[in-house]
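What the coordinates show
Listed below, chain by chain, are the residues.
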Amino acid sequence: MSSKIMDGNEACAYVSYPFTEVAGIYPITPSSTMAELVDKWSSDGVKNYFDEPVKVVQMQSEAGASGMVHGSLQAGCLTTTYTASQGLLLMIPNMYKMAGEQLPCVIHVASRSLATHALSIFGDHQDIYATRMTGFAILSSSSVQEVMDLTAVAHLAAIKGRVPFLHFFDGFRTSHELQKIEVIDTKLLMKLIDKKALKAFRNNALVHQKVTRGTNQNDDIYFQATEVRNSYYQALPDIVENYMEEISKLTGRCYAPFMYYGSKKAKRLIIAMGSVSETIKEVVDDLNQDNEEVGFVEVHLYRPFSAKHLLKVIPDTIEKIAVLDRTKEPGSGGEPLYLDVVEAMKSRKITTILGGRYGLSSKNTNPSCIKAVFDFLERDDCFSNFTVGIHDDVTNLSISIPDYHIKNKYIEFLVYGYGSDGMVSACKDLMKITGEHTNAFVQGYFQYDSKKSGGVTKSHLRFSKSPIRATYYVENPTLIVCTLDSYMKKFAVLENIQENGTFLLNTTKTVDEVLAFLNQEDILLLKERKIKFYIVDALSIAKKVGLDHKISAIMETIIFKLSHLMSSDFAIDKIKENISLRFAKKSGDVVGKNLKAIDLALSDLTLVSLSDIKNTKKNNEVLEAELSIFDRMDKGLGDTLPVSAFKNLSDGTFDGGMSRLEKREISSFAPCFIKENCIQCNLCSLVCPHAVIRPFLLDENETKKAPKVVKNDLLKANIKDKDLNFVINPSIQDCTGCMLCVNICPGKKGQKALEMQSIKELKEKGKIEESKYLFDKVIEKKVMPLNTVKGSQFATPKFEFSGACAGCGETPYLKLLTQLFNERLVITNATGCSSIYSSSVPNTPYSIPWANSLFEDNAEYGYGMAVADSLRKQQIKRV
């Protein structure tokens, strides 16, 4: 078998494509890549097992996609779809139908949290468990390699068993995790298709039959007609087991519906499914080396749940079991997998079976969490319904986490970037070059916040001589890279760096300026751990060659030079090859500019000496406990918040307008106002996507109190009968550097009234002080009609500093809407791009009422509010 670097989505699409004749799709994060790849391969003419490209049909919603899939199956075509989260829930009505009609549908799911008190795009098993009554078989893959190996089992067993399959793997953790895996030969899989069962499916197509389906049945027969399908579900675990054995023969990797891992004499056991399985195996190996005698059962076939197959793999020595579920079923006596295990274990005399919850919304579950569960099983006061990985100080269901670490077997890197800086793509390229041109196994996991661009990205990279099973964040990196120096003030970037490690900081500052800028704690840490500290001004290099802020190729080049993963000269040649291929069709000589940037990348690299710095002391920082929820989340400390912090937020309500406190400083350049060239048109404010640049009118008193830096920029306002002064001011700490304001500015005599300057220069000119006074102290003046461009921009926006992409074309309209209607406006928002940049906690940009329900019901949701509001007003009138 050949090896390739790919993520779980690609592995699934790679194997599912040849089995599929029709794909009914509606892309949703994090499953979209599967549908996109199938669509691309279809467009490229790639043929399936039936010697034709897959017919791909994109529908208007996930509900539409499942209806289309249902119809296609009834017409005799093997049909597949890909989805997640609320999208999967929209498919549930048709899932019941497809299962009842015994159609071989396969749904591949990158499992994800459901929208309850809040939306989350991240991973857990809530969506999967919500489908368990539909009649679909449910198959779990725990890693990218398992996705490659087990995807076929879902298709093969659906055809032979006449039961539709839902095959899932953890959203983001597996769907987006890059791994070096062995690629299965799909030609060999074709031979495993049950030709007789496939022919029966074809012949049963509705178009070939003079029959009626989807009938109405009364109480006399519905029950019996439901029970008659029992035999198919009873036979299915053996069918799955047989196909897993065939896959095991092809790959040399052993698979079964339930797989035991650990000591044959184990007394304590964990049962779980999904990506946490890999972490549990690491802990089991580590503990058993110390003779702790523990074990683990990895669940692959969750539905139908086969007690026979589970009991077959559990050693007779087991006395205590903890079942881990990645979901929350409010009001239940236990989570779904736990309840199934309890029922299955009735024939065994097990003294303790506990259920616990972990990992909701991709909450990091590391080895110390797993060790905590094994330790908890030993306690006399252990209890069921526990949680691990959080601190529950309200209902006191959480268990304590020990200070436990597995000795690091991997080389680990951690790269801090910001959305749209290209560092995630650079890290993926770095992984692929290393994995494809050395014998190393590689793993890349990319941690995002939910901002559309400009948000924090953390790339967790691992390299090893053996397969990597660490499905949790990097814990002890030898190399840390930070592409935005403002992060050093905000996050504990260097906290876990390994002794004698390397730190690379991208900054426009000089060595002396960097040392003056860094926290004393960071300088002390760098000295004590003997860190090699390098700085580079990648932005200047990018600007010099005409790439603006695109620094990814520069940073990737330096990382290869500093990391010693392979010959840096060889790696740099490969970077150039990849760039030439990737940007070959781009205009503006993008390839040439990147190649020049790579050649210049090392010219500005500077090793910072810390040996001359003396008397470094820790500052008396504000204690974490004294920080607000906003501050702790903003500083990346949200994981430390206890349950009690949310007692008044249990329904998902958060204060609006909090984004004004964030001050991200994600751009190195911002506009500077040149008053001599300003015609006071306010167009710059109108087009600004983030409400960063504003016109201000100051009366006599405000002018008198203004700092000198403000007075220097004032012009006489051209407003009839009003003695006011005018100024344009951008909040440079909130600017995204899109330059729309500069581009639209008409200026005077060809000279713009706005000019992009470095943040460093603007700070030296006192522009932060100027913004603070104007934004905080100057009150709105209602002196011009709102129905003019100029007049509308004197109204204070109620939508400010959102997480939208730099230069967004949507947000100026939202901002203008709030200026026109102000406090009279109530917004309901469909789920999508606009809901993410409008409501990413804690940095909420609306300071008027705003709410989101779901993707597909926004009109009805808003209509319901309007009806109720009208009724309440009528009630008030009657009183």
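Being a predicted model, the structure only gives us computed values, none of them experimental. (Residues numbered from 1 in each chain as written. Predicted model: local features only at pLDDT ≥ 70, side-chain atom pairs only at ≥ 80, totals over all residues. Heavy atoms only, no water.)

**Re the sheet that holds strand S16 (residues 411-418)**
The nine strands lie next to each other as S1-S8-S17-S18-S16-S19-S20-S21-S22, forming an open sheet whose pairing is mixed. This sheet does not close on itself; its edge strands, each paired only once, are strand S1 (2-6) and strand S22 (606-608). Neighbour-to-neighbour, the strand axes of this sheet turn through a mean angle of 20°, independent of strand direction. Note that strand S19 (residues 479-482) and strand S20 (residues 502-506) share four bridges and pair parallel. Its bridge partner lying in S20, Ile-480 is registered against Phe-503. Along the sheet, helix H1 (residues 8-19) contacts S1 and strand S8 (178-183); its crossing angle with S1, the most-contacted strand, is approximately 130°. (Pairing = 2+ DSSP bridges. Helix = DSSP H or I, 4+ residues; strand = E, 2+ residues; numbered from the N terminus. Axes fitted to C-alpha atoms, helices over the stretch in contact; angles between N-to-C directions. Contact = heavy atoms within 4.5 Å.)

**Examining the pattern of salt bridges**
Close approach of charged atoms allows side chains of opposite charge to pair. Scanning the model with the defined rule gives 46 salt bridges in all. Between Glu-298 and Lys-281 there is a salt bridge, with its nearest N and O atoms 3.0 Å apart. Of this pair, Glu-298 sits in strand S11 (residues 294-299) while Lys-281 sits in helix H11 (residues 276-289); the two residues are 17 residues apart in sequence, bridging distant segments of the chain. Across the pair, Lys-281 and Glu-298 agree in class, each one buried. A salt bridge links Lys-760 to Glu-513; the shortest N-O distance between them is 2.9 Å. One end of the pair, Lys-760, is in helix H28 (residues 759-764); the other, Glu-513, is in helix H17 (residues 511-517), and 247 residues separate them in sequence. Judged by relative accessible area, which is 28%, Glu-513 ranks as partly exposed. Members of the salt-bridge network, linked through shared partners, are Asp-149, Glu-182 and Arg-253. (Salt bridge = Lys/Arg side-chain N within 4 Å of Asp/Glu carboxyl O. Buried < 20%, exposed > 50% of the residue type's maximum accessible area, 1.4 Å probe, protein only.)

**Considering the sheet that holds S11**
Hydrogen bonds between backbone atoms are what pair the strands of a sheet, whose relative direction is either parallel or antiparallel. The strand order across the open sheet built from six strands is S9-S11-S10-S13-S14-S15, with neighbouring strands paired in mixed fashion. Each having just a single partner strand, strand S9 (258-262) and strand S15 (386-387) make up the two edges of the open sheet. As paired elements, strand S10 (residues 268-272) and S11 share five bridges and run parallel to each other. Of the residues in S11, the one forming a bridge with Leu-269 is Gly-295. Here helix H13 (residues 336-344) sits on the sheet and contacts S10, S11, strand S13 (320-325) and strand S14 (352-357); the angle it forms with S13, its principal contact strand, is near 150°. Set on the sheet, helix H14 (residues 367-378) makes contact with S10, S11, S13, S14 and S15; between it and S10 the angle comes to about 130°.

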